[in-house]
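Observations on the three-dimensional arrangement
The residues making up each chain are set out below.
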2 protein chains.
Amino acid sequence: MTDDSDRHNSKMAKKKAARDKIMATKTDEKGLIIVHTGKGKGKSTAGFGMIFRCIAHQMPCAVVQFIKGGMSTGERDLIESRFGDICQFHTMGEGFTWETQDRDRDVAAARAAWEKAKTLIRDPANRMVLLDEINIALRYDYIPLEEVLSFLTTEKPEMTHVVMTGRNARDELIEIADLVTEMELVKHPFRAGIKAQIGVEF
Amino acid sequence: MTDDSDRHNSKMAKKKAARDKIMATKTDEKGLIIVHTGKGKGKSTAGFGMIFRCIAHQMPCAVVQFIKGGMSTGERDLIESRFGDICQFHTMGEGFTWETQDRDRDVAAARAAWEKAKTLIRDPANRMVLLDEINIALRYDYIPLEEVLSFLTTEKPEMTHVVMTGRNARDELIEIADLVTEMELVKHPFRAGIKAQIGVEF
């Protein structure tokens, strides 16, 4: 073994000791309020990945799409056809708001999605519920922020994880959340004239 | 319809026109070099979500885990048992570097993972290859950065997507990438004494 390797191994041993010490203090389990926001890619995709993680562990879970298009019909078909017994999938939205140009219809769709979300979250059999693109509905006041905050802090079963995605998460939501990640856009191929592609964007 | 709704709808119509105009210029398709980095959650999870997106579209794909633990054995088992015909899954790493404390072994494992990655990427049947946690191997110089950059820019088939995850992505890798997202940690439940939980972290 070289001196370099020796130094590396000793540094890593210290790192492991420090990490083990920190991890020993983390003993609690609870259902988390998880937010994926920011202008970058991966907000819905990582939410979808967590749903598949639950499916892998045979944990009952559910998805409510507040806006059609956040996830592809391919993903929906895969879940419904292969894992419909573990994961419910509800597409309630009508497309992004700038596609519909009809606020009254958007509000009605968002309200229906939120009612479905509450029913799914209240059922303690569901271990995780993904509310895809709910942040857009909250941003445009399609559903009342106060009602969502109140429901999550008082009615959500203690062990249920709720994952909420979309740009421009409201500050009050971030305040009550346990785990918040901001997906930051560093570089995007649209700028180089590349269109949305199967397998990447949808 | 109220005046508020009118204003909203007119604003959204303008937004759609602007968006349609931008999207009309995005006509090219190509295999992307995609990087997920940053200290936040969701780097591997979003990569895993993209692999499931490919599986949903019946696009052959592959995963190489450079570090054991980035994805859970549950996810691996799900892919191997249900989708082994579409997605190859290779776990080459030995655990995080601070767990092994043996640089020589880490270097050998990373080298083997990279050789496997090259074989998978060279096969044009694979539409997407996920190199999970390769950034850690590059950060510690377990595999030569120059070799990875040169391979990706000269040998990667034009239509193949390569997704590379892990903290501390090297600047030179970001430079050649098409799509880069930095997952930024805004709030993490470990700070509140909550341990890693099934379905969320693994």
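Conventions we followed
- Residues numbered from 1 in each chain as written.
- Chains lettered and ligands numbered in written order.
- Predicted model: local features only at pLDDT ≥ 70, side-chain atom pairs only at ≥ 80, totals over all residues.
- Heavy atoms only, no water.
- UniProt positions renumbered as here; feature names shortened; annotations may be inferred.
- Salt bridge = Lys/Arg side-chain N within 4 Å of Asp/Glu carboxyl O.
- Helix = DSSP H or I, 4+ residues; strand = E, 2+ residues; numbered from the N terminus.
- Buried < 20%, exposed > 50% of the residue type's maximum accessible area, 1.4 Å probe, protein only.
- Least-squares fit on C-alpha atoms with pLDDT ≥ 70 in both.
- Contact = heavy atoms within 4.5 Å.
- Phe/Tyr/Trp six-rings, centres within 6.5 Å; stacked < 30°, edge-to-face > 60°.
- Polar contact = N/O pair within 3.5 Å; in protein donor to acceptor, adjacent residues only side chain to side chain.
- Nonpolar A, V, L, I, M, F, W, Y, C, P; charged D, E, K, R; others polar.
- Pairing = 2+ DSSP bridges.
- Expected span 1.5 Å × (residues − 1).
- Core = buried A, V, L, I, M, F, W, Y, C linked by side-chain atoms within 4.5 Å.

- Per an unreviewed UniProt entry, the recorded name for chain A is Corrinoid adenosyltransferase, and the organism is Pseudooceanicola algae.
- Heading Function (unreviewed entry) of the UniProt record for chain A holds this comment: "Required for both de novo synthesis of the corrin ring for the assimilation of exogenous corrinoids. Participates in the adenosylation of a variety of incomplete and complete corrinoids."
- Comment text from UniProt for chain A, heading Sequence similarities (unreviewed entry), reads "Belongs to the Cob(I)alamin adenosyltransferase family."

1. What about the pattern of salt bridges?
- What the rule picks out here adds up to 22 salt bridges over all chains.
- The partner of Asp141(A) in a salt bridge is Arg170(A), with the nearest N and O atoms 3.3 Å apart. In this pair, Asp141(A) sits in the loop between α6 (134–139) and α7 (145–154) while Arg170(A) sits in the loop between β5 (161–165) and α8 (171–176), placing the two residues 29 residues apart along the sequence.
- Of the residues examined, Arg170(A) reaches a relative accessible area of 22% and is grouped as partly exposed.
- Notably, a salt bridge pairs Glu155(B) with Arg122(B), separated by 2.8 Å at the nearest N-O pair. Remark: Arg122(B) occurs in helix α5 (residues 103–122) and Glu155(B) occurs in the loop between α7 (145–154) and β5 (161–165); sequence separation between them is 33 residues.
- Glu155(B) gets classed as partly exposed once you look at its relative accessible area, which sits at 38%.
- Judged by its relative accessible area of 40%, Arg122(B) falls in the partly exposed class.
- What emerges from the salt-bridge pattern is a single network uniting Arg111(A), Glu115(A), Lys118(A) and Glu147(A).

2. Some details on the relation of the copies chain A and chain B
- Of the two same-sequence chains, chain A is brought onto chain B (RMSD 0.0 Å, axial shift 0.0 Å) by a rotation of 180°. With respect to symmetry, the two chain copies, as superposed, fit the operation of a two-fold axis.
- In this assembly, 99% of the residues forming the interface of chain A have copies in chain B that are likewise at the interface, indicating an isologous arrangement.

3. Observations regarding the packing of aromatic side chains
- Summed over the entire model, instances satisfying the criterion amount to 10 aromatic pairs over all chains.
- Judged by centre distance (5.0 Å) and plane angle (85°), the ring pair of Phe48(A) and Phe52(A) falls under edge-to-face. Here Phe48(A) and its partner Phe52(A) are both found in helix α2 (residues 43–56), four residues apart, which amounts to about one turn of the helix.
- Taking relative accessible area as the criterion, Phe52(A) reaches 0% and is therefore assigned buried.
- With 5.8 Å between their ring centres and 25° between their planes, Tyr140(B) and Tyr142(B) make a pair best called stacked.
- Judged by its relative accessible area of 12%, Tyr140(B) falls in the buried class.
- These aromatic residues form a ring-pair network of at least three members: Phe48(A), Phe52(A), Phe83(A), Phe48(B), Phe52(B) and Phe83(B).

4. Here's the deal with the interface of chain A and chain B
- Taken residue by residue, the interface counts 82 residues in chain A and 81 residues in chain B.
- Linking chain A with chain B are four salt bridges.
- Notably, a salt bridge pairs Arg53(A) with Glu75(B), separated by 2.6 Å at the nearest N-O pair.
- Along the contact surface separating chain A from chain B lie 27 residue pairs in polar contact (both at pLDDT 80 or more).
- Put simply, the parts of the chain that give the side of chain A that touches chain B at least two residues each are α1 (3–24), α2, α3 (73–83), α4 (97–100), α5 (103–122), α8 and β6 (179–187) of chain A.
- With 10 residues, α2(A) is the largest single contributor of residues to the side of chain A that touches chain B.
- Partitioning the side of chain A that touches chain B into residue classes produces 35 nonpolar, 21 polar and 26 charged.
- Here seven bridges tie β6(A) to strand β6 (residues 179–187) of chain B, and the two strands are oriented antiparallel to one another. If you follow Glu182(A) over to β6(B), its bridge partner there is Glu184(B).

5. Quick word on the pairing of β6(A)
- Relative to β6(A), strand β1 (residues 33–37) of chain A is paired through four bridges, and the arrangement is parallel. Within the sheet, the bridge partner assigned to His36(A) lies in β6(A) and is Thr181(A).

6. Quick notes on helix α2 (residues 43–56) of chain B
- Given a rise of 1.5 Å per residue, 14 residues ought to cover 20 Å, and the 20 Å separating the end C-alpha atoms of α2(B) matches this to within 8%.
- With 14 of 14 residues buried, α2(B) lies mostly within the body of the structure.

7. Notes on the nonpolar core
- Core analysis: the biggest nonpolar cluster contains 48 residues, and Ile51(A), Phe52(A), Ile55(A), Ile51(B), Phe52(B) and Ile55(B) have the highest contact counts within it.
- Discounting chain neighbours no more than four positions away, the residues touching Phe52(A) are Leu78(A), Ile79(A), Phe83(A), Phe48(B), Phe52(B) and Leu78(B).

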